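Observations on the model geometry
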Amino acid sequence: MSNFEALNEAIIKADINKAVEETKKAMDAGTEVQDILDNGLIAPMDEVGANFASGKMFVPQMLRSAKAMQECMALIQPHFQEQDISFKGKVIIGTVKGDLHDIGKNLVSMMMEGAGLTIIDLGVDIAADVFVEKVKETGADILAMSALLSTTMPGMKETIEALQSAGLRDKVKVMIGGAPVSDSFAGQIGADAYAPDAGTAVIEAKKLLGLS
Ligand code: B1M
């Protein structure tokens, strides 16, 4: 693992220019993009979250750190391309109703796109009926939902129930993820798959599509 001290600090302090500079430096040095992502960009967000939880940091600061992370993610995104997938499965993705967190969801989209899947990103704060309407309209193979708040997780169950009511449950695979979500929660609500991170999300999506 490379030394990401300066990059970690830039994300925590929300110094966008420094974060971008450090990300470029790591890329120029030939550091694996996965290493930059996991240890340079995702790791400091845990500290941001802990600082927020303990009252050392407030929402605007947390938002600026998120922005710094997103700018850096945009730089590494093109390097996640994976050319050898010929079958293109269609994935609808969104963050559930009441939830505005989109960094993890964007990361999952980015990795899936890099793996050759077609992504329809609905954004954040997506109600169950909107997910259902889009599944109907697009004939997607997978519906992927993200939630970062324990209070918004029930939106995943509501969406699965709405798919059932619309007679679409057996036409689309459902996968879920996000920090408060777990494998056992996925089982409880009848989702087909759970992934703890963006890399695993790609592996699970390929499994659901019968690609691996
Ligand atoms: Co919020 N926030 N936030 N926040 N925020 C958390 C989630 C929190 C844990 C912080 C804390 O208290 N320690 C806490 C939630 C507690 C809980 O319910 N369990 C929290 C809170 C309380 C809140 C507010 C209520 C604060 C307030 O206003 N009082 C508020 C809610 C707003 C709302 O949504 N309605 C709020 C607001 C915000 C900001 C807007 C300031 C900002 C979001 C900006 C944005 O997303 N554009 C923000 C941020 C940045 C965070 C933290 C610090 C970082 C989240 C993040 O982006 N992580 C977060 C603390 C933390 O997580 N350490 C926190 C990096 C990202 C790459 O990880 O999203 O987990 P993550 O995604 C991972 C995996 O979870 C997984 O793959 C990703 C990559 O590996 N994954 C999937 C995610 N979705 C997936 C879907 C899949 C598969 C895998 O398949 C479909």
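Whatever comes next refers back to the structure up there.
Residues numbered from 1 in each chain as written. Predicted model: local features only at pLDDT ≥ 70, side-chain atom pairs only at ≥ 80, totals over all residues. Heavy atoms only, no water.

Description of the packing of helix α6 (residues 128–138) against helix α7 (residues 154–165)
Two numbers describe how α6 lies on α7: the axes approach to 8 Å, and their chain directions differ by 45 degrees. As the angle between them shows, α6 and α7 are arranged oblique. Of the two elements, α6 crosses α7, and the hand of that crossing is right-handed. Residue-level inspection shows Ala-128, Phe-131, Val-132 and Val-135 of α6 in contact with α7, the latter providing Glu-158, Thr-159, Ala-162 and Leu-163. (Axes fitted to C-alpha atoms, helices over the stretch in contact; angles between N-to-C directions. Helix = DSSP H or I, 4+ residues; strand = E, 2+ residues; numbered from the N terminus. Parallel < 35°, antiparallel > 145°, perpendicular 65-115°, else oblique. Left-handed = near helix turned anticlockwise from the far one by under 90°. Contact = heavy atoms within 4.5 Å.)

Some details on helix α4 (residues 59–76)
Relative to the 26 Å expected for 18 residues at 1.5 Å per residue, α4 spans 26 Å between its end C-alpha atoms, a close match to the ideal helical length. Of all the positions in α4, only Ser-65, Ala-66, Ala-68, Met-69, Cys-72, Met-73 and Ile-76 are classed as buried. Each buried residue of α4 sits inside an arc of 160 degrees when the element is viewed along its axis, so together they form one side. (Expected span 1.5 Å × (residues − 1). Buried < 20%, exposed > 50% of the residue type's maximum accessible area, 1.4 Å probe, protein only. Arc of directions from axis to C-beta.)

Describing the site of the ligand
Lining the immediate surroundings of the ligand are 36 residues, of which Leu-100, His-101, Asp-102, Ser-146 and Ser-150 lie closest. Contact between the ligand and Ala-198: an oxygen atom at 3.1 Å from a main-chain N or O atom of the residue. Of all the secondary structure elements, the ones that give two or more residues to the shell around the ligand are α3 (33–53), α4, α5 (103–114), β3 (142–146), β4 (173–177) and α9 (198–208). With six residues, α3 is the largest single contributor of residues to the shell around the ligand. (Near = heavy atom within 4 Å. Polar contact = N/O pair within 3.5 Å; in protein donor to acceptor, adjacent residues only side chain to side chain.)

A few points about the sheet that holds β3
Strand order in the open sheet made by the five strands is β2-β1-β3-β4-β5, with parallel pairing throughout. Of all the strands in the sheet, the pair left with one neighbour each is β2 (118–121) and β5 (193–195). The sheet shows a mean angle of 25 degrees between the axes of neighbouring strands, taken without regard to direction. Sheet topology places β4 next to β5; three bridges connect them, and they run parallel. From the neighbouring strand, Ile-176 faces β5, where its bridge partner is Tyr-194. Of the strands in this sheet, β1 (90–95), β2 and β3 are in contact with α6, which crosses β1 at around 165 degrees. In this fold α9 packs onto β3, β4 and β5, with an angle of close to 160 degrees to the strand it touches most, β5. (Pairing = 2+ DSSP bridges.)

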